[in-house]
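Coordinate analysis (summary)
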Amino acid sequence: MVTALDSKAGSLLNALSQEDRQLYQVTDLRQVVEPAVAHRAAERVTPAILQQLEDVLIRTLDVSTADESAELDEHFHLLVAHATQNPLLVALVELMKEWMTEVRHESHVTKVGREASLAGHQRIYRAIKANDAEQAESAMRDHISEIEQVVTKAKGSDAHDRQASAEGSNASRAVVTD
C-alpha cells in the first residue's frame, strides 16, 4: 500500500538528479542503520576494539590523500560495527560500504571533508569509549548529516564551476581551497 508520505518521497526522489538521488539514498540508509550500530557499539565494545578504533584515528591524522582517508573512514565504520559483537550488523555495514563507495570518496576529496570526517569520528569514539550509547548514537547521526552537507556543498561548488565554465564567464566565480 502506497501512502501519501511514500508518494511525496517518490516525487522528491524523481525531482533529484541521479547523483543527488544516490547521496539522498545513501544518507537515508546510513541514518537508519549507523546510529543504532553506534548505540550498540557503546554498550558492547571491548578494550581490543577500542584500541583499534584509536589506532585508526591516530593513523587518520597523518593521511594526505582522499583515497587513504576514505579507506580509514571505511575501516573506522566497520570497527564500530564489530564493536556491536553482532555478525549480522557487521555484514550489513559491509554490504552498505559497497553502496557508499562513491559518496565516501567524494566526502574525502577536500581537506575540509577529511577534517569533518575525523572530527565526527573522534566524537563517536569518545562516546563509545565512555559507554555512552545515547551520545554515540547522536554523534553518529550528526556525523552523517555533516558529511552529507560537505558532499552537497562540494557538488554545489562543482555545479557552479561547470555552469560558469559553460557560460564562458569568469565573473564572481567561487574559489574553493583545501
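See the structure shown above.
So, here's what we can say about the structure. (Residues numbered from 1 in each chain as written. Predicted model: local features only at pLDDT ≥ 70, side-chain atom pairs only at ≥ 80, totals over all residues. Heavy atoms only, no water.)

1. Here's the deal with the packing of helix α4 (residues 66-83) against helix α5 (residues 87-107)
The cut-off we apply is this: Orientation is described by lines fitted to C-alpha atoms, with helices fitted over the stretch in contact, and by angles between N-to-C directions that extend from 0 to 180 degrees. To qualify as a helix, a DSSP run of H or I must reach at least 4 residues; to qualify as a strand, a run of E must reach at least 2; elements of each kind are numbered from the N terminus. By the definition adopted for this analysis, an angle is roughly parallel if under 35 degrees, roughly antiparallel if over 145, roughly perpendicular if from 65 to 115, and oblique otherwise. Definitions for this section: a left-handed crossing has its near helix turned counterclockwise from the far helix by less than a right angle. A right-handed crossing has that turn clockwise. Throughout, a residue-residue contact means that at least one pair of heavy atoms, one from each residue, lies within 4.5 Å. Here the term charged refers only to Asp, Glu, Lys and Arg, the term nonpolar to Ala, Val, Leu, Ile, Met, Phe, Trp, Tyr, Cys and Pro, and the term polar to all other amino acids, Gly among them.
Orientation of α4 relative to α5, taken along the N-to-C sense of each, is 160°, at an axis distance of 10 Å. Viewed along their axes, α4 and α5 adopt a mutual orientation that is roughly antiparallel. Relative to α5, α4 is oriented so that their crossing is right-handed. Listed contacts from α5 to A66, D67, A70, D73, E74, H77, L78, A81 and H82 of α4 are L89, V90, V93, E94, K97, R104 and H105. Counted by class, the contact of α4 with α5 contains seven nonpolar, three polar and six charged residues.

2. So, unusual backbone geometry
Positive phi, normally seen in glycine, also occurs at Q85, with a value near 60°. Along the polypeptide, Q85 turns up in the loop between α4 and α5. The phi dihedral of N131 is positive, around 55°, even though this residue is not glycine. Turning to its location among the elements, N131 is positioned in the loop between α6 (111-129) and α7 (133-167).

3. Description of the pattern of salt bridges
Note the following rule: Here a salt bridge means any side-chain nitrogen of Lys or Arg lying within 4 Å of a carboxyl oxygen belonging to Asp or Glu. Three exposure classes are used, based on accessible area relative to the maximum for each residue type with a 1.4 Å probe and protein chains only: buried under 20%, partly exposed in between, and exposed over 50%.
The final tally for this structure, using the stated rule, is eight salt bridges. Among the ionic pairs, E146 bridges to R123, the shortest N-O distance being 2.6 Å. With a gap of 23 residues between them, E146 in helix α7 and R123 in helix α6 connect regions that are remote in the sequence. When its relative accessible area of 27% is taken as the criterion, R123 is described as partly exposed. Of the charged contacts, one joins E137 and R141 as a salt bridge, the two residues approaching to 3.6 Å between their closest N and O atoms. With E137 and R141 both in helix α7 and four residues apart, the pair spans about one turn of that helix. Of the residues examined, R141 reaches a relative accessible area of 35% and is grouped as partly exposed. Here the salt bridges do not stand alone but share partners, grouping D73, E74, E94, K97 and R104 into one network.

4. A closer look at a nonpolar patch on the surface
As a reminder, the rule being used: For patch detection, residues must exceed 30% relative accessible area and be free of salt bridges, and they are connected within 9 Å for like charges or within 5 Å for nonpolar side chains (Val, Leu, Ile, Met, Phe, Trp, Tyr). To measure how exposed things are, a 1.4 Å probe is used in the Shrake-Rupley method; for residues, cover is taken only from the protein chains shown.
Side chains of L92, L95 and W99 sit close together on the surface and give an oily, nonpolar patch of about 280 Å² of accessible area. Summarising the element assignment, L95 is placed in helix α5.

5. Quick look at the nonpolar core
We apply this condition: What we call a nonpolar core is a set of buried Ala, Val, Leu, Ile, Met, Phe, Trp, Tyr and Cys residues that are connected through their side-chain atoms within 4.5 Å.
Residues V37, L53, F76, V80, I124 and I128 are the most contacted members of the largest nonpolar core, which totals 41 residues. Of all the elements in the fold, those that place two or more residues in this core are α2 (18-44), α3 (47-61), α4, α5, α6 and α7. Considering each element in turn, this core owes the most residues, eight residues, to α7. Look past the residues within four positions of V37 in its chain and what remains in contact with it is V80, A81, T84, L89 and V93.

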